[in-house]
There are 2 protein chains.
Amino acid sequence: MYNMDKLYEAVAERGHVCVGLDTAIEYVPPRERGSSDAGAVLTYNKALIEATIDVAACYKVQIACYEAMGLEGLRAYAETLRYIRRRGVLVIADIKRGDISDTARRYALAHFGGDFEADFVTLSPYMGMDSIEPWFEYAETAGKGAFVLMKTSNRGMRDFEYLELRNAPGLPAGVPSRLYDAVGNQLSALARARPGIHGYGAFGAVAGAEPKSGAEREEAAAIRSRYANLFFLIPGYGAQGGAAEDAALLLRDGNGGVVNASRSILRAWTVELKAAGRTHEGPDCEADNHFAAEAARRAAIAMRDAIQAAARDL
Amino acid sequence: MYNMDKLYEAVAERGHVCVGLDTAIEYVPPRERGSSDAGAVLTYNKALIEATIDVAACYKVQIACYEAMGLEGLRAYAETLRYIRRRGVLVIADIKRGDISDTARRYALAHFGGDFEADFVTLSPYMGMDSIEPWFEYAETAGKGAFVLMKTSNRGMRDFEYLELRNAPGLPAGVPSRLYDAVGNQLSALARARPGIHGYGAFGAVAGAEPKSGAEREEAAAIRSRYANLFFLIPGYGAQGGAAEDAALLLRDGNGGVVNASRSILRAWTVELKAAGRTHEGPDCEADNHFAAEAARRAAIAMRDAIQAAARDL
């Protein structure tokens, strides 16, 4: 059984929310910030995890936020992964690695075992499939999974991912073939080579839920049907502007993807305080980790329900 | 003055060799491997740096090799960067990051300052130019530089980098426009925005020196002339199969690029022992760090001279 099968079952049980622990120090309530940023982030992460564990399908930890705090930050990163895995919930290491095969092998050692062991990683495909394949061996030996960047949710997506191709091998005729299609097509073949028990391969793809108008909604629906065997990690929700309706276009039969939200969950406490006309920054802010974690829980539940309603209405 | 200007001057002074410290424990002489892999790697790195400091234009440290050893490995990574910078030589952090702008900002904090401060980083362009630009601000404030993946030296390069495009914006007419051209073109524009004092912009590109036959040699020459303002980081030499003649095609007027070699330098001691019919593995191997570092120095000098001769003969 692959981790991707377990993720499918977690979604069936608890909904589509992937809680993104992109925990910068400024997302921690002011009164909880101590002498060590990394320590304060770790403590807040634990409170967030406890408050959302029955609402989250999985967690995603953005390593950049921890690297920015140096070695102490990476210790907090390792502790966060360990804490989530001990609670029996799946965690995605958002590391977007992509390098030649020898190097990919070393990265896989780093992130599929040891101090930084995660259940899934994110990968970047630019250098080609020999930068993906060394990771793929861990699907068979340890059930590990990955989400490879396909079509992301940022503005710069149009610079390269969106470029139209000539004669790309293996692409269906008659549809505009963009770089992201060439990637999706290769990933789809890879997923066929390691089919899971719920119709999705061991490795999936990143497909973004940026706000969509008519043509873009059609495109999202086409992506979903064209890559039916790819489980999606869907970023762009909430603070990045994507709505439940946008994310739902990338789901399939009420499953098939997890939707990540980071800031809108980690900083839900500031939104609640502002709405109540109370101080949300500085030394007079009364919020503590308990309040912030409960606000995060409320935001995660609202998000879960909104996505499920949007998926039903589709 | 940008770090790229300093790198140009280092090449003029000491040649094109970039010593790649992809120091896995198996590259350290057996008798120098102690209880801590990370400690042994760091000690070997220091010996290598001392032995090659007047021969290397710069160093490149592949973070994957250190991540694979967990937190202790990353401490050795940080120490290695610090050691090189204290000696007044430039170091490239080979991290191949590429993420949305908020995240790119956090990565830049991590790798252009703090525990992991380097002079250059490597970046992956898949997600678009908004994943590159946050790094670029550090060119102005701190002289920092980057090498963005353009055309790499691995087999999988053909999967995506090499795909032909339709209507890619800003590409010259009449030449086959591949994905790597779209990247090169954007990088060239970026380099024009921050021109250095020696004809190369603050940010350069990765262009691989894999073995080349006729058409491939022409392609390399075309890449060199098309992206004249991009300083190149050239991987693929030595253990990856590229020769001095291949690397020289990507140089310009005897400068314009550094050529990376990792294994062929780090493991030169095994080659020398084998050639002499002596034991090169196991407890009976007599090589120590001093011998291995001197062998590395000889390999680096031979490589420097071969590239300079090839560049002259071009």
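Read on for a plain summary of the structure. Owing to the predicted nature of the structure, the values given are computational and were not obtained by experimental measurement.

1. Some remarks on the overall build of chain A
Logical step 1: Along chain A, the regular secondary structure elements total twelve helices and eight strands.
Logical step 2: Its C-alpha atoms put chain A at 60 × 45 × 35 Å along the principal axes.
Logical step 3: Within chain A, residue pairs in contact and separated by at least 24 positions form 77% of the contacts whose partners lie at least 6 positions apart.
Logical step 4: When the accessible surface of chain A is totalled, it reaches about 11,100 Å², and 47% of it is carbon and sulfur.
Logical step 5: Looking at chain A, you have 36 positive and 41 negative side-chain charges, and the mean spots of the two groups are 1 Å apart.

2. Focus on the state of the cysteines
Logical step 1: Within this structure, the stated rule accounts for zero disulfides over all chains.
Logical step 2: A:Cys18 forms no disulfide, and the closest cysteine sulfur to it belongs to A:Cys58, at a distance of 3.7 Å.

3. Examining the relation of the copies chain B and chain A
Applying a rotation about an axis and a shift along it to one chain copy brings it onto the other copy.
Logical step 1: Overlay of chain B on chain A (RMSD 0.0 Å): rotation 180°, translation along the axis 0.0 Å. A rotation of that kind, with that shift, is consistent with a two-fold axis. Taking the C-alpha atom as reference, chain B places B:Leu165 closest to the rotation axis, 2.2 Å from it.
Logical step 2: The residues that chain B uses at the interface reappear at the interface of chain A in 100% of cases, marking a shared surface.

4. Structural notes on the side chain of B:Thr80
Logical step 1: Among the structural elements, B:Thr80 can be located in helix H4 (residues 70-86).
Logical step 2: Not counting the four nearest positions on each side in its chain, B:Thr80 is found in contact with B:Leu21, B:Leu42, B:Asn45, B:Ile49, B:Val61 and B:Tyr66.

5. Focus: the interface of chain B and chain A
Logical step 1: Taken together, the contact between chain B and chain A spans 60 residues of the former and 60 residues of the latter.
Logical step 2: When chain B packs against chain A, close to 5,300 Å² is buried across both sides, 58% of that on carbon and sulfur atoms.
Logical step 3: Here chain B is connected to chain A by ten salt bridges.
Logical step 4: The interface formed by chain B and chain A contains 28 residue pairs in polar contact (both at pLDDT 80 or more).
Logical step 5: Sorting the residues of the side of chain B that touches chain A by element identifies helix H3 (63-67), H4, strand E3 (91-97), helix H5 (101-111), strand E5 (145-151) and helix H7 (179-193) of chain B as the ones contributing at least two each.

6. So, the packing of helix H2 (residues 37-52) of chain A against helix H12 (residues 289-313) of chain A
All names here are of chain A.
Logical step 1: The interhelical angle for the contact between H2 and H12, taken along N-to-C directions, is 45°, at an axis separation of 8 Å. By the angle between their directions, the pair H2 and H12 is classed as oblique. Where H2 crosses over H12, the handedness of that crossing is right-handed. Residues Thr 43, Tyr 44, Ala 47, Leu 48, Ala 51 and Thr 52 of H2 lie in contact with H12, whose contacting residues are Asn 289, Ala 292, Ala 293, Glu 294, Ala 296, Arg 297 and Ala 300.

7. A look at the pattern of salt bridges
Residue and element names in this part refer to chain A.
Logical step 1: Per the counting criterion, the structure on display carries 48 salt bridges over all chains.
Logical step 2: Among the ionic pairs, Glu 72 bridges to Arg 75, the shortest N-O distance being 3.8 Å. You can see Glu 72 and its partner Arg 75 sitting in helix H4 (residues 70-86), three residues apart, about one turn around the helix.

8. Things to note about the packing of aromatic side chains
All names here are of chain A.
Logical step 1: Applying the stated rule across the entire model yields 18 aromatic pairs over all chains.
Logical step 2: The interplanar angle of 90° and the centroid separation of 5.5 Å between the aromatic rings of Phe 112 and Trp 135 together place this pair among those described as edge-to-face. Residue Phe 112 is found in the loop between helix H5 (101-111) and strand E4 (120-123), and its partner Trp 135 is found in helix H6 (residues 133-142); the two are separated by 23 residues along the sequence.
Logical step 3: Assessed through its relative accessible area of 6%, Phe 112 is described here as buried.
Logical step 4: Judged by its relative accessible area of 1%, Trp 135 is buried.
Logical step 5: An aromatic cluster is present here, built from Tyr 8, Tyr 200 and Phe 231 joined pairwise through their rings.
Logical step 6: The positively charged end of Lys 151 is found above the aromatic ring belonging to Tyr 180, 5.9 Å away from the centroid.
Logical step 7: The side chain of Arg 178 reaches across the aromatic face of Tyr 162, ending 3.8 Å from its centre.

9. Notes on the environment of A:Tyr44
All names here are of chain A.
Logical step 1: Structurally, Tyr 44 can be placed in helix H2.
Logical step 2: In the structure, Tyr 44 is positioned 26 residues away from Cys 18 in sequence and 17 Å away in space, judged by C-alpha atoms.
Logical step 3: Residues contacting Tyr 44, with those up to four places away along its chain left out, are Thr 23, Tyr 27, Val 28, Pro 29, Leu 266, Trp 269, Asn 289, Ala 292 and Ala 293.

Cut-offs used in this document
Residues numbered from 1 in each chain as written. Chains lettered and ligands numbered in written order. Predicted model: local features only at pLDDT ≥ 70, side-chain atom pairs only at ≥ 80, totals over all residues. Heavy atoms only, no water. Helix = DSSP H or I, 4+ residues; strand = E, 2+ residues; numbered from the N terminus. Contact = heavy atoms within 4.5 Å. Areas by Shrake-Rupley, 256 points an atom, 1.4 Å probe, with all protein chains shown as cover. Lys, Arg positive; Asp, Glu negative; His and termini not counted. Charge placed at Lys NZ, Arg CZ, Asp CG, Glu CD. Disulfide = S-S within 2.5 Å. Least-squares fit on C-alpha atoms with pLDDT ≥ 70 in both. Buried area = accessible area lost by both parts, 1.4 Å probe. Salt bridge = Lys/Arg side-chain N within 4 Å of Asp/Glu carboxyl O. Polar contact = N/O pair within 3.5 Å; in protein donor to acceptor, adjacent residues only side chain to side chain. Axes fitted to C-alpha atoms, helices over the stretch in contact; angles between N-to-C directions. Parallel < 35°, antiparallel > 145°, perpendicular 65-115°, else oblique. Left-handed = near helix turned anticlockwise from the far one by under 90°. Phe/Tyr/Trp six-rings, centres within 6.5 Å; stacked < 30°, edge-to-face > 60°. Buried < 20%, exposed > 50% of the residue type's maximum accessible area, 1.4 Å probe, protein only. Lys NZ or Arg CZ within 6 Å of the ring centre and 35° of its normal.

Taken by themselves, the reported measurements are silent on function.
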